[in-house]
Amino acid sequence: LSGYGIILCSVYKDYKTGHAFALLALKIAERYQNKSEITKTANVVANYTLPFREHLKNAAELNRKCLEVGKESGEFQHLSYSLVFNILNLFYSSKNISSILNDVIPKHMLLCKQAKSSIGKDTINAVRIILLSMTTSPEDNMEIEVINEYAQKFLNEWILNHNFITVFISIL
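Okay, the packing of helix α2 (residues 15–31) against helix α3 (residues 35–53) next. For any two helices packed against each other, one specifies the crossing angle of their axes together with the interaxial distance. Two elements in contact, α2 and α3, have axes separated by 9 Å at closest approach and are oriented at 160 degrees. It follows that α2 is roughly antiparallel to α3 by the angle criterion. Helix-helix and strand crossings are classified by hand; for α2 and α3 the assignment is left-handed. Along its contact with α2, which presents Tyr15, Lys16, Gly18, His19, Ala22, Leu23, Ala25, Leu26, Ala29 and Glu30, the element α3 presents Glu37, Ile38, Thr41, Ala42, Val44, Val45, Thr49, Leu50, Phe52 and Arg53. Each residue belonging to the contact of α2 with α3 can be placed in one class, and the counts come to 12 nonpolar, four polar and four charged.

If you want it as structure tokens, here you go:
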């Protein structure tokens, strides 16, 4: 049902019905205490249908639920997607970039490493590079060199992992 909600929103532009289907899927998963499905559908609602219908700040609670239940259920794939979108949502909601870089990203990166999510790690690294580039003065040659070295290391790992979805998510 939540996947159908994504299709309704993204393909057919029927945001109201798509979001309603995703919410219904979440309610069903919660009713039957299916933690794996709660993790998946909370991620879908928070990051794929809710932004079409509600303020982005409302996704934070669902992303927290995805994190908590995902750890319990072992559903690390959607947990890591939720972590990535949480970082992007904070950025899009005009949260302090320094706070995102110094507080949020390290915690989320640790969870992605524990979950062995190369897509999560790669995407968070891509966002980190973008944010570092945005906050570095063009005159700070030393810092730019460090960012470029970090970006090259990331690019080599990204190619090794074949995580082409990282490019798509980072463009968002």
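Moving on, there is more to tell.
Membership of the largest hydrophobic core comes to 18 residues, with the highest contact counts inside it found for Leu83, Ile87, Ile105, Ile124 and Leu131. When residues of this core are traced back to their parent elements, those giving at least two are α5 (76–92), α6 (97–114) and α7 (118–135). Considering each element in turn, this core owes the most residues, eight residues, to α6. Discounting chain neighbours no more than four positions away, the residues touching Leu131 are Phe91, Ile97, Ile100, Leu101 and Ile105. In this structure, Leu26, Ile38, Leu62 and Cys66 belong to the second largest nonpolar core, which totals 13 residues.

Reading guide: rules and limits
- Residues numbered from 1 in each chain as written.
- Predicted model: local features only at pLDDT ≥ 70, side-chain atom pairs only at ≥ 80, totals over all residues.
- Heavy atoms only, no water.
- Axes fitted to C-alpha atoms, helices over the stretch in contact; angles between N-to-C directions.
- Helix = DSSP H or I, 4+ residues; strand = E, 2+ residues; numbered from the N terminus.
- Parallel < 35°, antiparallel > 145°, perpendicular 65-115°, else oblique.
- Left-handed = near helix turned anticlockwise from the far one by under 90°.
- Contact = heavy atoms within 4.5 Å.
- Nonpolar A, V, L, I, M, F, W, Y, C, P; charged D, E, K, R; others polar.
- Core = buried A, V, L, I, M, F, W, Y, C linked by side-chain atoms within 4.5 Å.
- Buried < 20%, exposed > 50% of the residue type's maximum accessible area, 1.4 Å probe, protein only.

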